[in-house]
Amino acid sequence: MARSKKVSYIYVPSQIINSLSSSSLQSLLVSPKKSSRSSSKFFYFLFKNPRFWFLALFLFGFIAMLKMGFNLDPLIPFSQNPCGITQSQGIIPTGSLSSLVEVKEDGEKSEFWEQPDGMGYRPCLEFSREYKETSPEIVKDRTKYLMVVVSGGMNQQRNQIVDAVVIARILGAALVVPILQVNVIWGDESEFSDIFDMEHFKRVLADDVRIVSSLPSTHLMSRPVEEKRTPLHVSPQWIRARYLKRLRREGVLLLRGLDSRLSKDLPSDLQKLRCKVAFHALRFSQPILELGNNMAERMRSKGPYLALHLRMEKDVWVRTGCLPGLSSQYDEIINNERKLRPELLTARSNMTYHERKLAGLCPLNALEVTRLLKALGAPKSARIYWAGGRPFGGEEALLPLTREFPNFYNKEDLALPGELEPFSKKASFMAAIDYIVCEKSDIFMPSHGGNMGHAIQGHRAYAGHKKYITPNKRKMIPYFLNSPLPEAEFNRVIMELHRDSLGQPELRTSKAGRDVTKYPVPECMCNSTSSTDSAL
C-alpha cells in the first residue's frame, strides 16, 4: 500500500500572496528532499529576491505587535501620563510595607524604602470603667445640645471637629453635626456630609456622644448661648465652669473658632476619645474615598512611592516671612506683598529672613527638598506624589525636583480625563484626595509644618508607624547654605541628622503640649510591654 504523502501548510496573508509571482510561490514550496544542488539554487534565489525580505519583515513586525498587544492593558487609554494604569480593588496591607523595597541596578536593595521599627505598638482604646459607666446617661440626655461652626481648610476643620466631640462629652451634651464655615478664600460651600461619612461618624461615636443631624423641634426656638472666642488651651474644668450652668438653662450652646482652644493635655479617657474621633470616626465620604484610593493605587502600581507635601504657595512665603529663593525678581515680589499687607506675617516679626531660615522656620524650597531626598538615599527612579497648592513661580519652582526625579506626579497628572472636573471648585474635596494618597504612601515628608502634616504624622503612626521624614531644618540648613564638604560626607552628615526623624514611636508625654492625634503613644497605642489593653 502506497504511503500517503505528508503535506505541510504555512499561513501567509493574502496581500503578500497576491504580490508574489507564480514562480516565486513555486520556489517557496520546493520539497526539502530535492538534491543539495537544487537546494543551493533555491536559497540563492530566495535571498536575492526582495519579496522574500518584505515577507520576512512583515512576519517579524506582525509577531512583535502581537507580543506588545499581550503586554498592554486594554482597559487603559494611551496617555502621556505613565500612571494611568489598572485600578486594582485591594489596598496593600500596612504590614507588607517593609517588604516593598526598590532594587538598584546593581541588584542591591535601597535602604530608602525600609520602614522604621514600630516596637510592636498597636492601637488600643480601652476606656476606664468610670467612663463606660457614665456613657449611657450622657447618650440618653435630651436636654443639652452643642452646636459648633468650624473654619479654615479641611485639615484645620478636622482638628476642630475632634475637639467639638470632646467638648460635647465634657458637657454631657448631644453634638449637632458640625457646620463647615464657607471659606472666603476658596469659596468652598461643602457641608459635613460632602466631605465625611456622616452615618459612620454617628455610628462609631454612638457609645460616647450622641450625634444628631439638627436641633430637635423642642429646641428650635431656644436662644443659644454663643461664645465667639474661647481662650487658648482651656481645661475641662474651665469648660464646665464657663458653660454648663448656662447650657442647662438655655439648652443650646453655640461655639465658633475652636482651633487650639482645648488643652492638649487632657485626662486619659478624653485623649483616647480624641484618637477615636480622628482615626476611626472621621472617615471621608464614599466619593472621596473611591477616588483617593484609585489615585493611591495608580501610584503604587509599579512599586513603593514617596509623598511630599510642598508648601511653596505665594501666601506661604508672605506669611512665614521667608523668600522662595528662585531669583531676586521673585524675592522682590514677596517682599513688596509683605510690606503692603504686614498683618499677614505670622512668623516672628522681629527676625530677619536669614535668622528665620537658620532657626528652621522657613519652608524648604524645591532645591532643598531635592538635596535632602538625595542625601537620604532616594533613588532617581523613585515615584513621587506631591500635594499642595500651585507653587509661586509655577513649574520653574519645581525644576530641581522634576530634573532629579522624573517620576513626579500630582492628582491632576494621575486623574483620568474629566475625573476631577466635578470637584474643581471644592478645595476641601481636593485636600481630602491629597490626604488619602499621602497617608497611603510608603514614605511621607512635608516641606514645612502645618495641619495636614501633623494630621498625617499621627495617622501614619496609628497605622503602625509608617515612615515619616521630619526635616531637621534647624540643624541641616547651615550645611545647605555653606558646606565645603564633599558630596559623600555631606550625605553622611544629613543622614545622621535624620537618624531619629523617620517616624519611629515617640512618647507624647515626653514633651508637654503635644497633640495626641500627632503623637498617639502612649494614650492610644500600646505594646506587649506597656499594656494589655484591647484594640478598638
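Residues numbered from 1 in each chain as written. Predicted model: local features only at pLDDT ≥ 70, side-chain atom pairs only at ≥ 80, totals over all residues. Heavy atoms only, no water.

Trainee: Would you explain the overall build of the protein chain in this entry?
Mentor: Per the secondary structure count, the protein chain includes 21 helices and 13 strands. Within the protein chain, counting contacts between residues at least 6 apart in sequence, those at least 24 apart form 77% of the total. When the accessible surface of the protein chain is split by element, carbon and sulfur atoms take 55% of a total near 29,000 Å². (Helix = DSSP H or I, 4+ residues; strand = E, 2+ residues; numbered from the N terminus. Contact = heavy atoms within 4.5 Å. Areas by Shrake-Rupley, 256 points an atom, 1.4 Å probe, with all protein chains shown as cover.)

Trainee: Is there a simple way to think about the packing of helix α18 (residues 427–439) against helix α19 (residues 451–462) in this case?
Mentor: Each packed pair of helices is defined by two parameters, the angle between the axes and the distance between the axes. The contact between α18 and α19 brings their axes to 10 Å, and the two run at 40°. On the basis of their axis angle, the class for α18 and α19 is oblique. Crossing of α18 over α19 shows right-handed handedness. Every residue of α19 that contacts α18 at Asp434, Tyr435, Cys438 and Glu439 is listed here: Met452, Ala455, Ile456, His459 and Arg460. Residues belonging to the contact of α18 with α19 are distributed by class as follows: five nonpolar, one polar and three charged. (Axes fitted to C-alpha atoms, helices over the stretch in contact; angles between N-to-C directions. Parallel < 35°, antiparallel > 145°, perpendicular 65-115°, else oblique. Left-handed = near helix turned anticlockwise from the far one by under 90°. Nonpolar A, V, L, I, M, F, W, Y, C, P; charged D, E, K, R; others polar.)

Trainee: Sorry if this is basic, but what is going on with the state of the cysteines here?
Mentor: By definition, a disulfide links two cysteine residues through a covalent bond between their sulfur atoms. For the structure on display, the rule yields three disulfides. Between cysteine 275 and cysteine 524 runs a disulfide, and the two sulfur atoms are separated by 2.0 Å. Its torsion about the S-S bond being 85°, the disulfide of cysteine 275 and cysteine 524 is classed as right-handed. Linking cysteine 275 in helix α10 (residues 268–281) with cysteine 524 in the loop between α21 (487–497) and β13 (525–526), this pair joins segments that are 249 residues apart in sequence. Comparing cysteine 275 with cysteine 524 shows no difference in burial state: the two are buried. What pairs with cysteine 322 in a disulfide is cysteine 362, and their sulfur atoms sit 2.0 Å apart. (Disulfide = S-S within 2.5 Å. Buried < 20%, exposed > 50% of the residue type's maximum accessible area, 1.4 Å probe, protein only.)

Trainee: Could you clarify how one ought to interpret unusual backbone geometry in this entry?
Mentor: Working note: non-glycine residues mostly have negative phi, and peptide bonds are mostly trans. Residue proline 522 follows valine 521 across a cis peptide bond; omega there is 10°. Tracing the chain through its elements places proline 522 in the loop between α21 and β13.

Trainee: Before we go on, may I ask you to explain the pattern of salt bridges in this structure?
Mentor: Per the stated rule, a full pass over the model turns up 24 salt bridges. Residue arginine 249 is joined to glutamate 250 by a salt bridge in which the shortest nitrogen-to-oxygen separation is 3.4 Å. Look at glutamate 250 and you get partly exposed, because its relative accessible area is 22%. Notably, a salt bridge pairs glutamate 496 with arginine 499, separated by 3.7 Å at the nearest N-O pair. Look at arginine 499 and you get partly exposed, because its relative accessible area is 43%. Here the residues in one salt-bridge network are Asp265, Arg508 and Glu523, joined through shared partners. (Salt bridge = Lys/Arg side-chain N within 4 Å of Asp/Glu carboxyl O.)

Trainee: Honestly, empty space enclosed by the protein in this entry has me stumped. Any pointers?
Mentor: Rolled over the atoms, a probe as big as a water molecule pinpoints where empty space is left. A full pass over the atoms with the stated rule returns three cavities of 30 Å³ or more. Approximately 70 Å³ is the volume attributed to the largest cavity. What lines the largest cavity is Arg158, Asn159, Val162, Ala278, Phe279, Tyr435, Ala455, His459 and Thr517. For the lining of the largest cavity, the element with the most residues is helix α6 (residues 154–171), which contributes three residues. Split into classes, the residues belonging to the lining of the largest cavity amount to five nonpolar, three polar and one charged. (1 Å grid on protein atoms, 1.4 Å probe; cavity = no way out; pocket = protein on both sides within 12 Å on 5 of 7 lines; lining within 4 Å. Points joined across faces, edges and corners; volume = space filled by probe spheres on them.)

Trainee: What should I look at first to understand helix α13 (residues 328–340) in this one?
Mentor: Residues three or four positions apart in an α-helix share a direction because the helix packs 3.6 residues into each turn. Taking 1.5 Å of rise per residue, 13 residues should cover 18 Å, and α13 covers 18 Å from first to last C-alpha, within 8% of that figure. Residues of α13 that are buried: Tyr330, Asp331, Ile334 and Arg338. Along the axis of α13, the buried residues cluster in a sector spanning 100°; they form a single face. When the buried face of α13 is taken as reference, the exposed residues oriented beyond 90 degrees from it are Ser328, Gln329, Lys339 and Leu340. Those residues of α13 that are buried lie in contact with α12 (314–320) and α16 (395–404). (Expected span 1.5 Å × (residues − 1). Arc of directions from axis to C-beta.)

Trainee: Honestly, the sheet that holds strand β12 (residues 467–468) in this entry has me stumped. Any pointers?
Mentor: Hydrogen bonding along the main chain pairs the strands of a sheet, whether they run parallel or antiparallel. Read across the sheet, five strands follow the order β10-β9-β8-β11-β12 without closing on themselves; strand pairing throughout is parallel. Of all the strands in the sheet, just β10 (408–409) and β12 have a single pairing partner and so form its edges. For strand β8 (residues 305–309) and strand β9 (residues 383–387), the ladder comprises five bridges, and the chain directions are parallel. Considered in β9, the bridge of tyrosine 305 is made with arginine 383. (Pairing = 2+ DSSP bridges.)

Trainee: How do you make sense of the pairing of β9 when you look at a structure like this?
Mentor: Where a strand is regular, its side chains alternate between the two sheet faces. Extensive coverage of β9 is indicated by the burial of five of its five residues. The alternating pattern of β9 places Arg383, Tyr385 and Ala387 and Ile384 and Trp386 on opposite faces, both of which are buried. Note: β9 against β10, two bridges, orientation parallel. Following the sheet pairing, tyrosine 385 is matched in β10 by tyrosine 409. Remark: the β9/α16/β10 crossover connection has right-handed handedness. (Right-handed = clockwise from strand over helix to strand, strands pointing away.)

Trainee: Quick question: what am I supposed to make of the pairing of strand β11 (residues 443–446) here?
Mentor: Burial of β11 is two-sided: the residues Ile443 and Met445 facing one way and the residues Phe444 and Pro446 facing the other way are all buried. By the bridge criterion, four bridges tie β8 to β11 in an arrangement that is parallel. Each bridged residue has a counterpart across the sheet, and for leucine 308 the counterpart in β11 is methionine 445. Taken together, the two bridges between β11 and β12 define a ladder with parallel strand orientation. Note on β12: the bridge partner recorded for isoleucine 443 is lysine 467.

Trainee: I'm lost on the packing of α6 against α18 in this one. Help?
Mentor: Running from amino to carboxyl end, α6 crosses α18 at an angle of 85°, the nearest separation of the two axes being 9 Å. Comparing the axis directions of α6 and α18 gives the class roughly perpendicular. Here α6 contributes Met154, Asn155, Gln157 and Arg158 to the contact with α18, which in turn contributes Ser428, Ala431, Ala432 and Tyr435.

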